[in-house]
Amino acid sequence: MHSSDTRMTEGSIPRHMIAFAVPLFIGNLFQQLYNTADALIVGRMLGNDALAAVSATGNLSYLLISFFMGIAAGSGVLISRYYGARDTEKLRLAVRTNLAFSFASGVLMTLVGVTMTPMILRWMDTPADVMDLAITYTRILFGGSLGLVLYNSLRGVMQAVGDSTHPLWYLIFSSLLNVVLDIAFIAVFHAGVGGAALATVLAQFLSGLLCLRRLARTEEAYRVRLRELCFDPTMLRLMLRYGLPSGVQNSVIGLANVVVQANINIFGTMAVAGCGAYGKLEGFAFLPITSFTLALTTFVGQNLGAGEHSRAKRGAAFGIVSCLLMSELAGLLLYLAAPGLIGLFTVEPEAIAFGAGKCRICSLFFCLLAASHSLAAVLRGAGKAVIPMISMLAFWCVLRVSFLKIAVPIWHSIDVVNWVYPLTWALSTVFLTVYTLRADWVHSFDRETI
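Residues numbered from 1 in each chain as written. Predicted model: local features only at pLDDT ≥ 70, side-chain atom pairs only at ≥ 80, totals over all residues. Heavy atoms only, no water.

A tally of helices and strands in the protein yields 16 helices and zero strands. Computed over its C-alpha atoms, the radius of gyration of the protein comes to 21 Å, within 12% of the 22 Å expected for a compact globule of 450 residues. Each of the three principal axes of the protein carries a C-alpha extent, and together these read 55 × 45 × 35 Å. The proportion of buried residues among the 450 residues of the protein is 60%. When the accessible surface of the protein is totalled, it reaches about 17,100 Å², and 67% of it is carbon and sulfur. The average position of the 31 basic charges and that of the 24 acidic charges among the side chains of the protein differ by 7 Å. (Helix = DSSP H or I, 4+ residues; strand = E, 2+ residues; numbered from the N terminus. Rg over C-alpha atoms; globule rule 2.2 N^0.38 Å. Buried < 20%, exposed > 50% of the residue type's maximum accessible area, 1.4 Å probe, protein only. Areas by Shrake-Rupley, 256 points an atom, 1.4 Å probe, with all protein chains shown as cover. Lys, Arg positive; Asp, Glu negative; His and termini not counted. Charge placed at Lys NZ, Arg CZ, Asp CG, Glu CD.)

Right, here's the structure in full:
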């Protein structure tokens with residue numbers, strides 16, 4: 001076993017989880033630079049309209065990308081299971097099928113995204129003065145979908161076997177390259193928002209190729225050989241079984257967020273820019289929780305695969321409590337520094353006011369968001385991805401959209417749009433907490449053959 005890989009089935013639980021989560025956190029920090037560098041550099045160099053164009057496209061990109069990424073995540077559960085159980089043959093087959101599916105997904109995503117972008121942006125009531133810029137930015141991003149899917153798929157393989165270090169180094173390098181290319185394309189070549197999108201695409205492809213090179217050179221059972229890629233029917237069925245609920249959940253939540261973005265859009269370009277800037281900050285503030293939830297899924301999957309039921313429960317408890325504490329600290333810091341941080345993206349007082357207003361409503365409730373994500377991570381690691389899907393669809397989609405459809409026409413205030421987040425976070429947390437405490441998720445894999 002390579003020293004960069006980690007079996008979480010023995011030794012100190014906090015040490016394993018923290019050691020695994022820290023590289024993930026640093027990696028996610030640089031991943032967030034992909035999303036933030038464009039907004040920050042565009043907002044400062046090209047102005048508020050360009051910032052609004054970039055901000056208006058985030059939820060659309062997530063809508064189309066997250067479905068395929070959620071399905072691919074199903075293979076991560078299988079890989080961590082087979083790795084924990086030391087089932088070499090099934091581990092190889094899972095990796096090959098996962099990568100083949102990712103290549104196909106990247107091509108399909110490019111075709112769908114490039115074709116549908118104008119229609120969906122119009123449906124979202126994107127402000128007319130930024131429509132052309134938004135279409136240009138989004139189409140170029142979708143043109144590079146294969147690089148994004150490739151990186152996330154291969155990173156998922158590494159993380160499932162406990163290697164969170166190598167993806168970190170690749171991501172740091174490509175993220176810094178993204179910033180350099182952003183500045184070069186915008187300031188030197190005057191390529192506008194299209195240049196910012198192209199910089200992101202090129203950097204994503206590089207990180208994916210570096211991961212592919214690493215997995216192609218390893219001597220472990222999960223080594224990637226392109227000539228051996230296949231769609232094994234049984235393994236693909238299992239991937240879809242564990243990943244389809246997450247894919248459906250992600251895409252439907254993405255659809256709900258597109259509806260939320262449409263409700264923000266009706267308040268004008270300043271609202272789009274300000275709330276978009278807040279969204280970038282929220283992404284940074286929530287990175288520690290994102291990292292711990294990934295560690296939780298891998299930890300639970302490996303330990304249940306090895307039959308370590310008690311250890312899986314202790315690790316789940318430690319991870320959930322850690323997420324709650326970190327999220328509330330991050331929320332408090334963001335609450336206190338909101339106007340100054342929003343001001344990094346735009347100098348327009350009205351846009352800053354919109355962004356700070358959303359921050360003051362949402363940030364102190366980050367503990368609820370963290371609880372939902374960490375409980376869902378535990379259940380996914382146990383192979384119960386359907387339960388988080390039901391929760392997110394019911395509360396983050398159906399209820400969120402219904403609330404906005406009823407409340408916004410009555411009060412016509414952007415605060416109504418902002419309050420929908422804490423409300424739906426709270427309800428999903430209650431549901432997942434009750435289920436996790438009452439259900440026998442620890443023995444779920446014992447009753448199945450994978």
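There is more to say after this.
What follows deals with a nonpolar patch on the surface. The grouping of Met45, Leu46 and Ile183 at the surface amounts to a nonpolar patch, some 240 Å² of accessible area in total. One can find Leu46 in helix H1 (residues 13-46). Residue classification places Leu46 among the partly exposed residues on the basis of a relative accessible area of 35%. (Patch = residues over 30% accessible without salt bridge, like charges linked within 9 Å, V, L, I, M, F, W, Y side chains within 5 Å. Salt bridge = Lys/Arg side-chain N within 4 Å of Asp/Glu carboxyl O.)

Spanning 24 residues, helix H7 (residues 165-188) covers 34 Å between terminal C-alpha atoms, matching the ideal 34 Å at 1.5 Å per step. Directly beyond the C-terminal end of H7, a positive phi value near 55° is found at His190. (Expected span 1.5 Å × (residues − 1).)

Let's shift gears to the nonpolar core. Counting 94 residues, the largest nonpolar core has Ile264, Ile414, Val417 and Trp441 as its most contacted members. Per-element tally for this core: the top contributor is H1, with nine residues. The contact partners of Ile264, leaving out residues within four places of it in the chain, are Ala271, Val272, Cys275, Lys358, Ile414 and Val417. With 32 residues, the next largest nonpolar core counts Ile79, Tyr82, Leu150 and Leu238 among its residues. (Core = buried A, V, L, I, M, F, W, Y, C linked by side-chain atoms within 4.5 Å. Contact = heavy atoms within 4.5 Å.)

Bringing the layout of surface pockets into the picture now. Estimates place the volume of the largest pocket at around 210 Å³. Lys313, Ala316, Ala317, Ile320, Leu324, Ala371, Leu375, Thr433, Thr436, Leu437 and Trp441 together form the lining of the largest pocket. Contributing elements (two or more residues each) for the lining of the largest pocket: helix H12 (309-342), helix H14 (366-381) and helix H16 (414-438). Per-element tally for the lining of the largest pocket: the top contributor is H12, with five residues. (1 Å grid on protein atoms, 1.4 Å probe; cavity = no way out; pocket = protein on both sides within 12 Å on 5 of 7 lines; lining within 4 Å. Points joined across faces, edges and corners; volume = space filled by probe spheres on them.)

Summarising the element assignment, Val42 is placed in helix H1. Linking Val42 and Phe173, residues 131 residues apart in sequence, is a C-alpha distance of 21 Å. Dropping the residues within four chain positions of it, Val42 is found in contact with Ala37, Gly47, Ala50, Leu51, Val54, Ile186, Val193 and Ala196.

With 95% of its residues at a pLDDT of 70 or more, the protein shows a mean pLDDT of 86. The spread of mean pLDDT over the elements of the protein runs between helix H3 (residues 58-85), the lowest at 76, and H16, the highest at 95. (pLDDT = per-residue confidence, 0-100.)

Okay, the packing of aromatic side chains next. Inspection of every chain in the model, using the stated rule, returns eight aromatic pairs. Arranged with centres 6.4 Å apart and planes meeting at 70°, the rings of Tyr83 and Tyr222 form a pair that is edge-to-face. One end of the pair, Tyr83, is in helix H3; the other, Tyr222, is in the loop between helix H8 (192-217) and helix H9 (233-265), and 139 residues separate them in sequence. Tyr83 sits in the buried class, given a relative accessible area of 4%. Arranged with centres 6.1 Å apart and planes meeting at 50°, the rings of Tyr421 and Trp425 form a pair that is tilted. With Tyr421 and Trp425 both in helix H16, this residue pair falls four residues apart, about one helical turn. The structure contains a cluster of three or more aromatic residues connected by ring pairs, namely Phe286, Phe366, Tyr421 and Trp425. The lysine or arginine in question, Arg360, covers the ring of Tyr335, its NZ or CZ lying 4.9 Å from the ring centre. (Phe/Tyr/Trp six-rings, centres within 6.5 Å; stacked < 30°, edge-to-face > 60°. Lys NZ or Arg CZ within 6 Å of the ring centre and 35° of its normal.)

Take unusual backbone geometry next. With a phi angle near 60°, Arg86 is a residue other than glycine that sits in the positive phi range. Given a relative accessible area of 58%, Arg86 falls into the exposed group.

It is the contact of helix H5 (residues 131-143) with H8, at a shortest axis distance of 8 Å, that shows an interaxial angle of 15°. Accordingly, the angle class assigned to the pair H5 and H8 is roughly parallel. Considering only the axes of H5 and H8, their crossing is right-handed. Of H8, the residues touching H5 (which contributes Leu133, Thr136, Tyr137, Ile140 and Leu141) are Val193, Gly194, Ala196, Ala197, Leu198, Thr200 and Val201. Classifying every residue of the contact of H5 with H8 by side-chain character gives nine nonpolar, three polar and no charged. (Axes fitted to C-alpha atoms, helices over the stretch in contact; angles between N-to-C directions. Parallel < 35°, antiparallel > 145°, perpendicular 65-115°, else oblique. Left-handed = near helix turned anticlockwise from the far one by under 90°. Nonpolar A, V, L, I, M, F, W, Y, C, P; charged D, E, K, R; others polar.)

A few words now on the side chain of Arg311. Relative to the elements of secondary structure, Arg311 occurs in helix H12. Buried within the structure, Arg311 lacks any salt-bridge partner; its nearest side chain of opposite charge belongs to Glu308, at an N-O separation of 5.9 Å. Only 2.8 Å separates the side chain of Arg311 from the backbone oxygen of Gly11, close enough to count as a polar contact. Apart from the residues lying within four places of it in its own chain, the contact partners of Arg311 are Met8, Thr9, Glu10, Gly11, Ser12, Ile13, His16, Phe299 and Asn303. (Polar contact = N/O pair within 3.5 Å; in protein donor to acceptor, adjacent residues only side chain to side chain.)

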